[in-house]
Amino acid sequence: MSFRRGVVRQSKFRHVFAQAWKAEHCLDDVRVSRVTWDGPLCAANPKFIAVIIEAGGGGAFLVLPLTKTGRVDQNIPTVCGHAAPVLDVQWCPHDDHVIASASEDCTVKIWQIPDGGLITPMSEAIVTLEGHSKRVGILAWHPSALNILLTAGCDNVLCMWDVGTGELVYQLSDAHPDLIYSVSWNREGNVLCTTCKDKALRVIDPRRGTVLKVREKAHEGTRPMRAVFLADGKILTTGFSRMSERQLALWDTRDLSEPMVTQEMDTSNGVLLPFYDPDTNMVYLCGKGDCTIRYFEVTDESPYVHFLSLYSSKEPQRGAGFLSKRGVDVNKCEIARCGNFMALGHHHICHCAISPVFCIVPKLFALPKRFFVQVYFIKK
């Protein structure tokens, strides 16, 4: 008897599955912001989860210990120093107590969260960064350099800051003719990629202030695109086709003339937020308004981007946020954890529940500890 070889692709992650946590491990009654901005709305690290919430007379976000469960009291202390709604929050990769927030008030603020979380409302930031002329909606900490933060605003300007001194290190104001949709550092932190409303994908050297590569019309559709650098230097983008079908594409930065592969997804109009894990080479796609989270593995073998599976829920998602590997319970073989925000039906304010979901590699295919990561996803 003979057997055909190569019929089934070899992969440690082919059998990854997702599972929701029980109700007692969820957060209830979170007033998630209704701001019209296609951002993740939350960020998590091994100690805290930060959630942008609805606030009167300015902008605010919650900071809760990762161990917190149950109903969130409406009088709980918040970080409330912005004069307008908060659009993005990102934890510093080098300090679990430092978080940056970007707002419609044109400023970026850096906050120091005390051990155990907030006891009283926090309105005084340790640093305020002022350099944008319009609202700021994108934050990206440098992956390896301490205290370096990249910001992008609706003024089409990229700013690089030293948050230790509050100094504007560099400003790139002439590379983007329209609204910047996303920014992503490569793993070394010497190059970044951006997507823009003009449908172009750009690769930029921030030290020289030059655009190294440009791909016009990376996706033909008019809806927002997203891009993320992969560990091997390739770029994965999500966007829309001319017929408004959602797409993902993989690009080789040495030649952006044609994508290595393009995959059609569906005809939903929610923006796909890509989250990349460099150790497992997996990409998680969370679409706003979707009831599913898709995950793919990127390899060197054609067709390069391999669909693995999806997680389905009864309620649509509103955003997502990754939790770093330092916070993962490796004894359960987790490779991703998601916190889903689900709407509870209130008409004027979007009250939500946060229900964690975790992705697991079956023990038969268990991995070394360095492979494990956690993710926090948001649902309505």
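Read on for an overview of the structure. In this text, all values refer to a predicted model and were calculated from it rather than measured experimentally. (Residues numbered from 1 in each chain as written. Predicted model: local features only at pLDDT ≥ 70, side-chain atom pairs only at ≥ 80, totals over all residues. Heavy atoms only, no water.)

## Here's the deal with the nonpolar core
Alright, step 1. Ranked by internal contacts, the top residues of the largest apolar core, which has 35 residues, are Phe61 and Ile113.
Alright, step 2. Among the elements that make up this core, the one with the highest residue count is strand E4 (residues 48-53) (6 residues).
Alright, step 3. The next biggest cluster of nonpolar side chains, apart from the first, holds 16 residues, and it includes Val108, Leu129, Val136 and Val157. (Core = buried A, V, L, I, M, F, W, Y, C linked by side-chain atoms within 4.5 Å. Buried < 20%, exposed > 50% of the residue type's maximum accessible area, 1.4 Å probe, protein only. Helix = DSSP H or I, 4+ residues; strand = E, 2+ residues; numbered from the N terminus.)

## Notes on unusual backbone geometry
Alright, step 1. Of the consecutive residues Ser302 and Pro303, the connecting peptide bond is found in the cis state with omega at 10 degrees.
Alright, step 2. Structurally, Pro303 is set in the loop between strand E26 (292-298) and strand E27 (305-312).
Alright, step 3. Even without being a glycine, Leu41 presents a positive backbone phi close to 70 degrees.
Alright, step 4. Note that Leu41 resides in the loop between strand E2 (27-31) and strand E3 (42-44).
Alright, step 5. Non-glycine residue Asn281 carries a positive phi angle of around 60 degrees.
Alright, step 6. As for its placement among the helices and strands, Asn281 is situated in the loop between strand E24 (272-277) and strand E25 (282-287).

## A look at the environment of Phe296
Alright, step 1. You can see Phe296 is positioned in strand E26.
Alright, step 2. Those residues in contact with Phe296, other than ones at most four positions away along the chain, are Leu248, Gln263, Met265, Asn281, Met282, Val283, Leu285, Val305, His306, Phe307 and Leu308. (Contact = heavy atoms within 4.5 Å.)

## Examining the pattern of salt bridges
Any two side chains of opposite charge can pair, given that their charged atoms come close.
Alright, step 1. Within the structure shown, the criterion is met by 15 salt bridges.
Alright, step 2. The salt bridge partner of Glu54 is Arg34, with a shortest N-O separation of 3.6 Å. Residue Glu54 is found in the loop between E4 and strand E5 (59-65), and its partner Arg34 is found in the loop between E2 and E3; the two are separated by 20 residues along the sequence.
Alright, step 3. The partly exposed category is assigned to Glu54, whose relative accessible area is 23%.
Alright, step 4. Linked through salt bridges whose partners overlap, the residues forming this network are Arg246, Asp266, Asp290 and Arg294. (Salt bridge = Lys/Arg side-chain N within 4 Å of Asp/Glu carboxyl O.)

## Structural notes on the environment of Thr262
Alright, step 1. Here Thr262 lies in strand E23 (residues 261-264).
Alright, step 2. Remark: the alpha-carbon pair of Thr262 and Leu250, spanning 12 residues in sequence, is separated by 6.7 Å.
Alright, step 3. Non-local contacts of Thr262, meaning those with residues more than four positions away in its chain, are made with Gln247, Leu248 and Ala249.

## Notes on the sheet that holds E23
Alright, step 1. The 4 strands lie next to each other as E20-E21-E22-E23, forming an open sheet whose pairing is antiparallel. Each edge of the open sheet is held by one strand with a lone partner, namely strand E20 (226-229) and E23. Within this sheet the neighbouring strands show an average axis-to-axis angle of 15 degrees, counted without direction.
Alright, step 2. Across 4 bridges, the pairing between strand E22 (residues 246-251) and E23 is antiparallel. Residue pairing for E23: Gln247 is matched across the bridge by Glu264. (Pairing = 2+ DSSP bridges. Axes fitted to C-alpha atoms, helices over the stretch in contact; angles between N-to-C directions.)

## Remarks on the sheet that holds strand E18 (residues 201-205)
Alright, step 1. Read from one edge of the open sheet, 4 strands run E16-E17-E18-E19, paired in antiparallel fashion. Of all the strands in the sheet, just strand E16 (180-185) and strand E19 (210-215) have a single pairing partner and so form its edges. The average angle at which neighbouring strand axes cross in this sheet is 20 degrees, direction not considered.

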